[in-house]
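# Chain and residue survey
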Amino acid sequence: MSYLLRTLTKKKEVDTIIRDTIDKVLVLRFGRADDAVCLQLDDILAKTARDVSKFATVALVDVDSEDVQVYVKYFDITLIPSTIFFFNAHHMKMDSGTADHTKWVGAFHEKQDFIDVVEAIFRGAMKGKLIVNCPLPAERIPKYQLLYKDV
């Protein structure tokens, strides 16, 4: 399903879409086109892209592209898929009860979950917030374990 959404492979493309997306939530999915969980998330993103098109733009970023490694390192994309949200070039964070508020790690369970998250980020951003609370119940939020090395 990744062929239905715009795929970014160059740093300049990512810079441009972040800078030029105004008054909409920008949803960037960092991952691989051949990963099973990424394909599941891509399916949900492709099916909902039209539904959220009035307040969100969805794009995919290929983590294997050498040119976007600066973003992969900056946002600490170690688990894929990771979804990052922006509004008017500001990185939007979401408190979902996990250790990392900067990104959504994993796939959404269903289309409505994704729509609810994007809508909550849009509403919070319109009020000037840079971090919003996750509208999903705890059982619908993917769980993962962070491992810290040499700390």
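Reading the values: the criteria
Residues numbered from 1 in each chain as written. Predicted model: local features only at pLDDT ≥ 70, side-chain atom pairs only at ≥ 80, totals over all residues. Heavy atoms only, no water. Helix = DSSP H or I, 4+ residues; strand = E, 2+ residues; numbered from the N terminus. Buried < 20%, exposed > 50% of the residue type's maximum accessible area, 1.4 Å probe, protein only. Contact = heavy atoms within 4.5 Å. Areas by Shrake-Rupley, 256 points an atom, 1.4 Å probe, with all protein chains shown as cover. Lys, Arg positive; Asp, Glu negative; His and termini not counted. Charge placed at Lys NZ, Arg CZ, Asp CG, Glu CD. Phe/Tyr/Trp six-rings, centres within 6.5 Å; stacked < 30°, edge-to-face > 60°. Expected span 1.5 Å × (residues − 1). Disulfide = S-S within 2.5 Å. Arc of directions from axis to C-beta.

### Examining the overall build of the chain
From N to C terminus, the chain includes 4 helices and 7 strands. Across the chain, helices and strands are ordered from the amino to the carboxyl terminus as β-α-β-α-β-α-β-β-β-α-β. Structurally, the chain occupies a C-alpha span of about 35 × 35 × 25 Å along its principal axes. When each of the 151 residues of the chain is scored for burial, the buried share is 46%. Pairs at least 24 apart in sequence give 73% of the contacts found in the chain among residues at least 6 apart. Surface accessibility of the chain: about 8400 Å² in total, with carbon and sulfur atoms responsible for 52%. Across the chain, the 21 positively charged side chains and the 22 negatively charged ones have centroids separated by 5 Å.

### Points about the packing of aromatic side chains
On inspection of all chains with the given rule, the structure shows 8 aromatic pairs. Here the aromatic rings of Phe30 and Phe75 are separated by 6.4 Å at their centres, their planes lie at 55°, and the arrangement is tilted. With Phe30 in strand β2 (residues 25–31) and Phe75 in the loop between α3 (69–74) and β4 (82–87), this pair connects stretches of sequence that are 45 residues apart. Note on accessibility: Phe30 and Phe75 belong to one class, buried. What links up through ring pairs into an aromatic cluster is the set Phe30, Tyr71, Tyr74, Phe75 and Phe86.

### Overview of helix α4 (residues 111–126)
For α4, which comprises 16 residues, the first-to-last C-alpha distance of 23 Å matches the rise-based estimate of 22 Å (1.5 Å per residue) to within 8%. Every buried residue belonging to α4 is among Asp113, Phe114, Ile115, Val117, Val118, Ala120, Ile121, Gly124 and Ala125, and all of these are buried. In this structure, the buried residues of α4 make contact with β2, α2 (36–48), β3 (56–62), β4, β5 (90–95) and β7 (131–133). Immediately beyond the C-terminal end of α4, within one or two residues, lies Gly128, with a positive phi of roughly 90°.

### Focus: the state of the cysteines
Counted according to the given criterion, the structure contains 0 disulfides. No disulfide involves Cys38; its nearest neighbouring cysteine sulfur is the one of Cys134, lying 19 Å away. Take Cys134: its relative accessible area is 14%, and that puts it in the buried class.

### Re helix α1 (residues 11–20)
Among the residues making up α1, those that are buried are Val14, Ile17 and Ile18. Viewed end-on, α1 has its buried residues packed into an arc of 100°, placing them on one side of the element. Every exposed residue of α1 that faces more than 90 degrees away from the buried side is listed here: Lys12 and Arg19. Its buried side turned inward, α1 meets β1 (6–8), β2, β3, α3 and β4.

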